[in-house]
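Descriptive structure summary
Take a look at the letters that make up each chain.
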Amino acid sequence: MKRLISIITLIALVNPLSSFAATSFDSQVPVFTAMKTDMADATDYTGYANGLELMINANFTDIGSDPYEEAIVRMAALGVANQHGDRKYYPADHVTGYEALGFLVRLMGNENAVMQNVYAQVGSSSSVSQVALLMNQAYLNQATASGIITATENVGLNNPVSKEQLTVWTARATGQAPVFAQEAVFSFNDWQYVNPTYRSLVEAMVNNGIVSVKNDGSFGPKDNVTRSEMANISKAALATQYAARGLNSGFGLVIGAEEATVYNDGDTVTSHTYTVKNTDGTVTRLIAEDHSAGNRQNNFVVYKDGYVSDQRALAVGDEIEYVIDGDAVKYVQVMDDDLILEKINANTLADVYATFHYGTVSEMKTENSYNLGSSIITDIYRMVDVTGDTFDIQVDEDLYTGLRDDIITYKDGQIGGVKLLAVGDNVEYLVNENREVIYIKVQPIDATTISGSVREVSELTETSPAQITVYGYDDKLYTYPLAPYADLTINGRYTDLTNFVYGMNVTMDVANGYVVRASAESYSGEPGYIPQYGKMRIGKVSALYMNSFIITLSNGSTEVVDIGGDTLITKDGNAVSFSALKVGNDVKVYYDDIYSTDATKLEIEAPEVLFQVIYKGKIKNVNEARNEIQFIGNDGVSKPQYINNSEWEPTDDYNLTLKYDDSTDVYVGNRLVPMNEVERSYTSYTAYAVVKSVYGQSTIVKMSIKTGGEMMYTSMVSNVDHTTGKFDIATKENFSITGATIVIKDGLVVPSSKIASRDSVFVVSESPMGSYAQNAMIVKVVTPYDDIFDSIRIGAVEDVNRSTVTFRNYAGYTNNFLNDVDKTESGSYKLYTSSSVVDVTDPADQVSLTPYELFNGSYSKWDNVDSTYKSTTKGLKYDRYYAFMVVNEADSSIVAMHLRHQGLLDNQNIDDNLYEEEDIADELEGTFEGAVLTRGMVVSNDETWDRLEITDSHDWTDYTGIWTANRANIYIQYTDAIFIKNNDVKTIDDVQTGDYLYIMRIKEDALVIFIES
């Protein structure tokens, strides 16, 4: 089920919450209650049997100022890091190859095997150096046996290990699958120095957050690694191995602490029990024991406020993470306050509905009642949310049992129940699907805006929220978690966090420490480009000087930009001089140094615009007082028109009034004309107006005034020369590109530099009076995407093995052309655990299959013998499965595959209608006659009939080798379709209105849909 996370909208962040009138207690309002705490099912864990030794091993005298102190202590407590016998860790020393292998062997839980090997070889006369050599060799042998290190890498292990080598060893130790779509690696500014044979594992480790990229955007593959960094990498790696190691962790709040003493056969046992309410609502008790017999301690390491201690450091109200090894607790970290709330939030995302509320306590009261023999005291807190909605939060206490179902409440650095609340408190509270309050946090409702460029994003996990790191325009790094309800847009289109990439310009609205809105844009001559160790600024030119200018940033601040002789200045993809820069221009400025004011590169933006519509009509009136232009039909009596697919359609009204503002550009040919000249000289001229929504108003972004006759063409660009500003189409017409030219691509108005040879185009042109030349007024561009469909394979399943599949009678695409069906058996296509395989034989009951289930599920041809087969009657010996799929061509692995019994399409029944095996190829060729490649933009989704409406669509024409525009909106059915975006499998839920799609379909039935990034 799709998760639905909602929020009570922050519409009053800048207003006092008390501005809303509270409903009196005399009125009934919706009620929220406390989450129930079930002590009956509490789970007990006792401290590690050798607790004293554990404490000694985790105490170091030289790590107090190290940034990874907690990771070092954690790894020591869990047996991965160790001392050198002098209570020192030497965090700044470079870790050698042997030391790194020792870390990884211990991380895998294989320390016992190493020590048994060493003890079998040492004697009383063995020196310290001899024992060290034996230890190194034993770790190497174990690492080799475990597949961590290869024979070719067994060199120089006494020397410091490189970050690249350590990353690969750690990947093998933790079983990371290589990732061949290397988007992260190629984003490093030193990617070329990463060993090509290691790149796929480096990609996996960076993607999974085990190894990080440096703040300057480099990876540092040949850098040495300190012992401190080794501990931090081990911490991240071990977190992926908890299940394999028999470890598990929990997050929660200490809600109780008690001490008890018992006597048992001469052993006095003093137990310290800490009750923890976990973030998922369960309860755990952590128990430390001091035994008088043998001075034994069952205890655990506690890391709190930068100090290492035993259980005595814990207190009621501490927010903790605890790690269990088998049935013993070994390590507890006391966390920062808000982090546990984030864990609670992340756990809450598993609910179908979860709602954040922000409000104020307007009134409180207590009621007494009698229920089923018990006296109940109910505390009631009336909340007025920022929306003005009113709710009651109720907490019951049973006077007979003493049980009180309270709510975790934070206020002024304290933790307690709702009795901490007072009238006037501003609060954040989270409510689950059962209308139970998970927590309350007293805090001011604080809002701020951050503008800058994206440095890093991390997606939601089971234990932490999604996060985004931004390098702000104030030269500071900001990292914020995302609220589950956050609105994320790129270029004005709604999207998800994975599409926010390094270097992208972004503006974030942050409320109470959570990102509630992030708006980014990806337009650049080199998208995502930021120089090494550099920064970027984006804004508007507000003042010009001899060799500098003032830029006003999106947050309203200003900066001085210095232009030198070596500053590269571009406009619309072409190099220009500083004189081309004008006040009011939108610009991007790149610097090589984050502290410099000297620009390395300056882009004068010809911005891409997400527009609503393009209108055509005669200018009837210009009202400069109201910033409005009124249009009528071209003949003065008909309606204005708008472009739909490749046709002009009439508007609903005879008069069309549109707003304009200071950023509206009006062109006549190459000349930019002011609005007063439009009113004076161009009333009654026909104009084309590009319109977008600005604060809900239809506002003209660009208007081009026509001075000649209009003609329209559909063809392919045969040649384009951006230097002279001209292009030719295949039908021999030649057009000039002027300032008035409006270029449309994928639902955007884009710079004319986007026109390229082989583009399919729809051109609206004019011939100015007294000229035979044609000026392009509107150019709709469809750029060939000649390899996106090359990853599709279609055919009959031949053989299914444990991790591979082969096909016979199969075909694929090459540069948009469907190849002939190959009757021979294909090579093997790999099945990974991440491969998405779905049996769509029954459209109403599609079945997802693991590689194991596919292998054991009778999907091979040999498993589907028709028991009624006779060579003299219609019908083949085997009732095959037919498949269509998307593959990763780099390693012939299956990204996604859909199978259907006896046909590609529903009710096809190929095998029952043929006489000979050789006829399958002809049958598939006949099916492929209905195959169409389509591209276009989503208008709507009819979920009842599984149909997408597509506008501005084009179909690939094999005969001409170009994309041909459809004159009307088309509909495609997606019931059985594979959805792919960025080589990842998606669903229809990931398709949004405005998305641009590439579709492989047979008639109306889509088989594969690629969602443009």
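All values derive from a computational prediction rather than experimental measurement. (Residues numbered from 1 in each chain as written. Predicted model: local features only at pLDDT ≥ 70, side-chain atom pairs only at ≥ 80, totals over all residues. Heavy atoms only, no water.)

1. Focus on unusual backbone geometry
One non-glycine residue with positive phi stands out, namely Asn816, at about 75 degrees. With respect to the helices and strands, the residue Asn816 is situated in the loop between β49 (804-814) and β50 (817-818). Look at Asn816 and you get buried, because its relative accessible area is 2%. With a phi angle near 60 degrees, Ser858 is a residue other than glycine that sits in the positive phi range. Residue placement: Ser858 occurs in the loop between α12 (851-855) and β55 (881-888). The class of Ser858 is partly exposed, set by a relative accessible area of 36%. (Helix = DSSP H or I, 4+ residues; strand = E, 2+ residues; numbered from the N terminus. Buried < 20%, exposed > 50% of the residue type's maximum accessible area, 1.4 Å probe, protein only.)

2. Details of the pairing of β49
Of all 11 residues that make up β49, nine are buried, and the element is covered over most of its length. As paired elements, strand β48 (residues 792-800) and β49 share seven bridges and run antiparallel to each other. Within the sheet, the bridge partner assigned to Arg793 lies in β49 and is Gly812. Where β48 folds back onto β49 in an antiparallel hairpin, the turn is made up of three residues. In the sheet, β49 pairs with strand β52 (residues 829-830) via two bridges, with the strands oriented antiparallel. Counterpart to Val805 in the pairing with β52 is Tyr829. Both β49 and β50 contribute to a ladder of two bridges, which runs antiparallel. The partner of Tyr813 across the bridge, within β50, is Leu818. Linking β49 to β50, which pair antiparallel, is a turn of two residues; within it Asn815 sits at a positive phi near 50 degrees. (Pairing = 2+ DSSP bridges.)

3. Section: the pairing of strand β46 (residues 760-768)
The buried count for β46 comes to nine of nine residues, which makes it a mostly enclosed element. The side-chain alternation of β46 yields two buried faces, one formed by Ser760, Phe762, Val764, Glu766 and Pro768 and the other by Val761, Val763, Ser765 and Ser767. In this sheet, β46 lies alongside strand β42 (residues 708-721) in antiparallel orientation, the contact comprising nine bridges. The residue bridging Gly709 from the neighbouring strand is Ser767, located in β46.

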